[in-house]
Amino acid sequence: MKTPVITIDGPAASGKGTLAKRLAEKLGFYYLDSGAIYRLVALKMLQAGLNPDDELAAAKTARDFISGFDASQIANPDIRTQQVSDAASRSSRFSGVRSALMEIQRKVAHTPPTPFKGAVLEGRDMGTVVAPEADVKIFLTASPEARAQRRTKELLSRGEKTTYEAVLQDLKERDERDSTREVAPLRPAQDAATVDTSGMDADAALAHVLDLVRKRLTKTA
Ligand code: DC
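Below is a summary of the structure that appears in this document. Counting restarts for each chain: residues are numbered from 1 in the order of the written sequence. In view of the model being predicted, local features appear only for residues whose pLDDT reaches at least 70, and side-chain atom pairs are presented and counted only at 80 or more, with totals across whole chains, interfaces and linings using the full set of residues. For the side-chain quantities, the full set of heavy atoms in the structure was used; hydrogens and water were omitted.

**Details of the site of the ligand**
Okay, step 1: Around the ligand, the surrounding shell holds 16 residues, and the nearest of these are R39, R98, R124, R174 and R181.
Okay, step 2: In this structure, an oxygen atom belonging to the ligand sits 2.7 Å away from a side-chain N or O atom of R98.
Okay, step 3: Within the side chain of D178, one N or O atom sits 3.0 Å away from an oxygen atom of the ligand.
Okay, step 4: Numbering of helices and strands runs from the N terminus, with a helix taken as a DSSP run of H or I at least four residues long and a strand as a DSSP run of E at least two residues long. Of all the secondary-structure elements, those providing two or more residues to the shell around the ligand are α2 (34-47), α4 (82-91) and α8 (164-180).
Okay, step 5: Any residue outside Ala, Val, Leu, Ile, Met, Phe, Trp, Tyr, Cys, Pro, Asp, Glu, Lys and Arg is labelled polar, Gly included; the first ten of those are nonpolar and the last four are charged. Of the residues belonging to the shell around the ligand, the class tally is three nonpolar, five polar and eight charged. Throughout this document, a residue counts as near a molecule or strand when at least one of its heavy atoms sits within 4 Å of that molecule or strand. Definition of a polar contact: a pair of N or O atoms within 3.5 Å, with one able to donate and the other able to accept a hydrogen when the atoms are protein atoms, and with sequence-neighbouring residues admitted only if both atoms are side-chain atoms.

Rendered as structure tokens:
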């Protein structure tokens, strides 16, 4: 039987990480944070003193990274800084980087590790490129202001020095870069359900999406 796959795509700080993780826990599915993989490549570039706008260096870093990848690296807190966010948004626009990272993402989608019964894939192009055959596709969004408020709170609580204005500006730049790039731009899949979480807290967003997912999975079962 085919493993059920749910994709959650959306812009930075739309709440998709928290939502995807909790959804996966509720359903007993594996959770893949694809942004973390792009961030790990960006971190490697910064640590090596490479420029994330350098296409050849980015593609080579991604290929080298894959050969030594292990899922525990995703927990590295150093990938969550604003500097790495910016670098990941830059290096992820190159096709050489995206193709190098495609295989591990598809592998998880088709054969999640035991004992998981399915997979929740979170990112920018999960429903459009990585798993276009997914059973349920959600496009999670929120206004730039609501997202900037959430991200500012998160960064300050981790001790990073920033302001709401700086975060808002950074989010707008990332949105622009992520949605206008030539390869796998951020956009909702044609068959995705769009959920705007501007006026919802994390619990309300989870309840709403869980309801939607259960209805769709029952239909496709
Ligand atoms: O979801 P995130 O903020 O952790 O992602 C960091 C960057 O990685 C984001 O700005 C664009 C890139 N990314 C991507 O290009 N494709 C994905 N599926 C996930 C993230």
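**A short note on unusual backbone geometry**
The general pattern is negative phi for most residues beyond glycine and trans for most peptide bonds.
Okay, step 1: T114 connects to P115 through a cis peptide bond whose omega is 10°.
Okay, step 2: Position of P115 relative to the elements: it lies in the loop between α5 (95-110) and β3 (119-123).
Okay, step 3: If you check the backbone angles, A13 has positive phi at about 60° while not being a glycine.
Okay, step 4: Residue placement: A13 occurs in the loop between β1 (5-9) and α1 (16-27).
Okay, step 5: One non-glycine residue with positive phi stands out, namely A184, at about 45°.
Okay, step 6: Note on placement: A184 falls in the loop between α8 and β5 (193-196).
Okay, step 7: Judged by relative accessible area, A184 falls into the buried class, the value being 14%. For the exposure calls, accessible area comes from a 1.4 Å probe over protein chains only, and a residue counts as buried if that area is under 20% of its type's maximum, exposed if over 50%, partly exposed in between.

**Concerning the pairing of β5**
Okay, step 1: Covered by surrounding structure in β5 are A193 and V195 only, the residues T194 and D196 on the alternate face being uncovered.
Okay, step 2: Strands qualify as paired when DSSP identifies two bridges or more between them. When strand β4 (residues 136-141) meets β5, the two strands line up parallel, connected through four bridges. Paired with F139 across the bridge in β5 is T194.

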